[in-house]
Amino acid sequence: MVIDFHTHFSGGRYFYNEASRVETVLDDMDANRIEKSLLLPLDGFFSEWEADNDRIIRVVAERPDRFAGVGTFSPRLVEPAVREMDRCLSQGMIGIKFHPWLQAFSPLEDCFMEVASEANSRKTLFFFHDGTPPYTEPFQIAEVARRNPDLTIVLGHSGLNDLWRESMLAALSHDNIWLCFCGCPHWGMTEIARRMGGERIVWGSDYPLAGRRDTKERIEQIEHLPIPDEWKERILYRNAAQLLARFRNRTDGAGVSP
């Protein structure tokens, strides 16, 4: 089985002009033996993030066996941002997704660092689009990780084609950084997996921007990597399962896993 750690649930207003339907998403997941998907926002990167967050909250509440979710917001006004973060976490989300390139902020801005500090005190998860300069370079995000060691950070694309080396070095330098293989080239995934021993790496499709056939091919890319089968199983399933369990325990009030 597979866990998809990079699935967008679209409202159909921006960027991807078709609203996501739960039944269709589940059908496509089943076709590719995906047990569970982490739902990421899309419309909320542009406007009305509360409505986008609510959409994902409802889907996760309906099918917690198949979905987990993260929310989003603009970090520029710190107090409203922290309130929305707390609302999302109280409603069962496991963290917050940021796309600094689309949302037009730098991770190094004071406002974002204040929000990150609040998230660090809550020991939650931040998921980043990365690999698109000027605002999503892995070393910028690594500074957020350095200042906030109790904040788990996922680099959603492992640096894409041009910055995968930087994403690897960021993760090797900070053990609270995880990498998601989603749009990273074959040679980059191979080197990252070897340097990290298959640890702190998850897999994602970028669905629905990647359709059913694309998702199948992206799973096969992992299966064909010249690395041990045990590492492939960690990347496609076990690492993500452990990470989801850690934050599910927190949202359920069951304490923090070590």
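Rules used in this analysis
- Residues numbered from 1 in each chain as written.
- Predicted model: local features only at pLDDT ≥ 70, side-chain atom pairs only at ≥ 80, totals over all residues.
- Heavy atoms only, no water.
- Helix = DSSP H or I, 4+ residues; strand = E, 2+ residues; numbered from the N terminus.
- Rg over C-alpha atoms; globule rule 2.2 N^0.38 Å.
- Contact = heavy atoms within 4.5 Å.
- Areas by Shrake-Rupley, 256 points an atom, 1.4 Å probe, with all protein chains shown as cover.
- Lys, Arg positive; Asp, Glu negative; His and termini not counted.
- Charge placed at Lys NZ, Arg CZ, Asp CG, Glu CD.
- Buried < 20%, exposed > 50% of the residue type's maximum accessible area, 1.4 Å probe, protein only.
- Pairing = 2+ DSSP bridges.
- Axes fitted to C-alpha atoms, helices over the stretch in contact; angles between N-to-C directions.
- Salt bridge = Lys/Arg side-chain N within 4 Å of Asp/Glu carboxyl O.
- Expected span 1.5 Å × (residues − 1).
- Arc of directions from axis to C-beta.
- Core = buried A, V, L, I, M, F, W, Y, C linked by side-chain atoms within 4.5 Å.
- Phe/Tyr/Trp six-rings, centres within 6.5 Å; stacked < 30°, edge-to-face > 60°.
- Disulfide = S-S within 2.5 Å.

Chemist: Explain the overall build of the chain here, please?
Modeler: Within the chain, the secondary structure is distributed over 10 helices and eight strands. Relative to the compact-globule value of 18 Å for 258 residues, the chain shows a C-alpha radius of gyration of 17 Å, a close match. Dimensions of the chain, computed from C-alpha atoms along their principal axes, come out at roughly 45 × 40 × 35 Å. Here the contacts in the chain between residues at least 6 apart in sequence split such that 73% fall between residues at least 24 apart. Here the chain displays about 10,900 Å² of accessible surface, and carbon together with sulfur accounts for 48% of that area. Averaging the locations of the 30 positively and 39 negatively charged side chains of the chain gives two centres separated by 3 Å.

Chemist: Just checking my understanding: could you explain the side chain of N32 for this structure?
Modeler: With respect to the helices, strands and loops of the structure, N32 is situated in the loop between α1 (22-31) and β2 (34-40). The exposure class of N32 is buried, given its relative accessible area of 6%. Not counting chain neighbours up to four residues away, the residues in contact with N32 comprise V2, R212, T215, K216 and I219.

Chemist: Sorry if this is basic, but what is going on with the sheet that holds strand β7 (residues 177-181) here?
Modeler: In a beta sheet, neighbouring strands pair by backbone hydrogen bonds and run either parallel or antiparallel. Across the sheet, which stays open at both edges, the eight strands sit in the order β1-β2-β3-β4-β5-β6-β7-β8 with parallel pairing between neighbours. Among the strands making up the open sheet, the edge pair consists of β1 (2-8) and β8 (201-203). Averaged over all adjacent pairs, the angle separating strand axes in this sheet is 30°, with direction ignored. Bridge count for β7 against β8 is three bridges, and the pairing is parallel. Each bridged residue has a counterpart across the sheet, and for C180 the counterpart in β8 is V202.

Chemist: Which parts of the structure should I look at to understand the pattern of salt bridges?
Modeler: Oppositely charged side chains can pair when the atoms bearing their charge come close. All told, the structure shown has 18 salt bridges when counted by the stated rule. Two residues, R87 and E84, come together in a salt bridge whose shortest N-O distance is 2.8 Å. Within this pair, R87 and its partner E84 are both found in helix α3 (residues 78-90), separated by three residues, close to a single helical turn. Residue classification places R87 among the partly exposed positions, given a relative accessible area of 27%. Residues joined in a network through salt bridges with shared partners are D54, E84 and R87.

Chemist: Explain α3 here, please?
Modeler: Residue pairs spaced three or four apart in an α-helix point in one direction, given the helix's 3.6 residues per turn. In this model α3 runs 18 Å from its N-terminal to its C-terminal C-alpha over 13 residues, within 8% of the 18 Å that 1.5 Å per residue would give. Residues of α3 that are buried include every one of V78, A81, V82, E84, M85, C88 and L89, and no others. Around the axis of α3, the buried residues are gathered within 160° of arc, so they sit on the same side. Exposed side of α3, more than 90 degrees from the buried face: E79, R83 and S90 are the residues found there.

Chemist: Even after reading the chapter, I still don't get the nonpolar core, so can you show me in this structure?
Modeler: It is characteristic of soluble globular proteins that their nonpolar side chains tend to be buried jointly. Within the largest apolar cluster, 61 residues are counted, with the highest numbers of intra-cluster contacts made by F67, F126, I153, I177 and I192. Those residues in contact with I177 that sit more than four places away from it in its chain are A142, A145, I153, L155, A170, A171 and R200. Membership of the second largest hydrophobic core comes to 18 residues, among which are V70, V154, W178 and C180.

Chemist: I tried to follow the packing of aromatic side chains on my own but got confused; where do I start?
Modeler: Aromatic ring pairs: the centre-centre distance and the angle between the two ring planes describe each pair. Counting across every chain of the model gives 10 aromatic pairs. A centroid spacing of 5.8 Å and a plane angle of 45° characterise the contact between F112 and F126, whose relative ring orientation is tilted. In this pair, F112 is assigned in helix α5 (residues 110-122) and F126 in strand β5 (residues 125-128), connecting sequence segments 14 residues apart. Accessibility classification places F112 together with F126 in one group, the buried group. Here the aromatic cluster, defined as three or more aromatic residues joined through ring pairs, consists of F73, F98, F105, F112, F126 and F128.

Chemist: Looking at this structure, how should I read the state of the cysteines?
Modeler: Note: disulfide means a covalent bond formed between the sulfur atoms of two cysteine side chains. This model, assessed by the stated rule, comprises zero disulfides. Here C88 is not cross-linked by a disulfide; its sulfur's nearest cysteine counterpart is in C111, at 17 Å. For C88, a relative accessible area of 0% gives the class buried.

Chemist: What exactly am I supposed to notice about the environment of L102 here?
Modeler: Structurally, L102 can be placed in helix α4 (residues 100-103). Judged by its relative accessible area of 24%, L102 falls in the partly exposed class. Remark: the alpha-carbon pair of L102 and Y135, spanning 33 residues in sequence, is separated by 9.2 Å. Not counting residues up to four positions away in its chain, the partners in contact with L102 are F45 and F46.

Geometric values such as these leave the question of function open.
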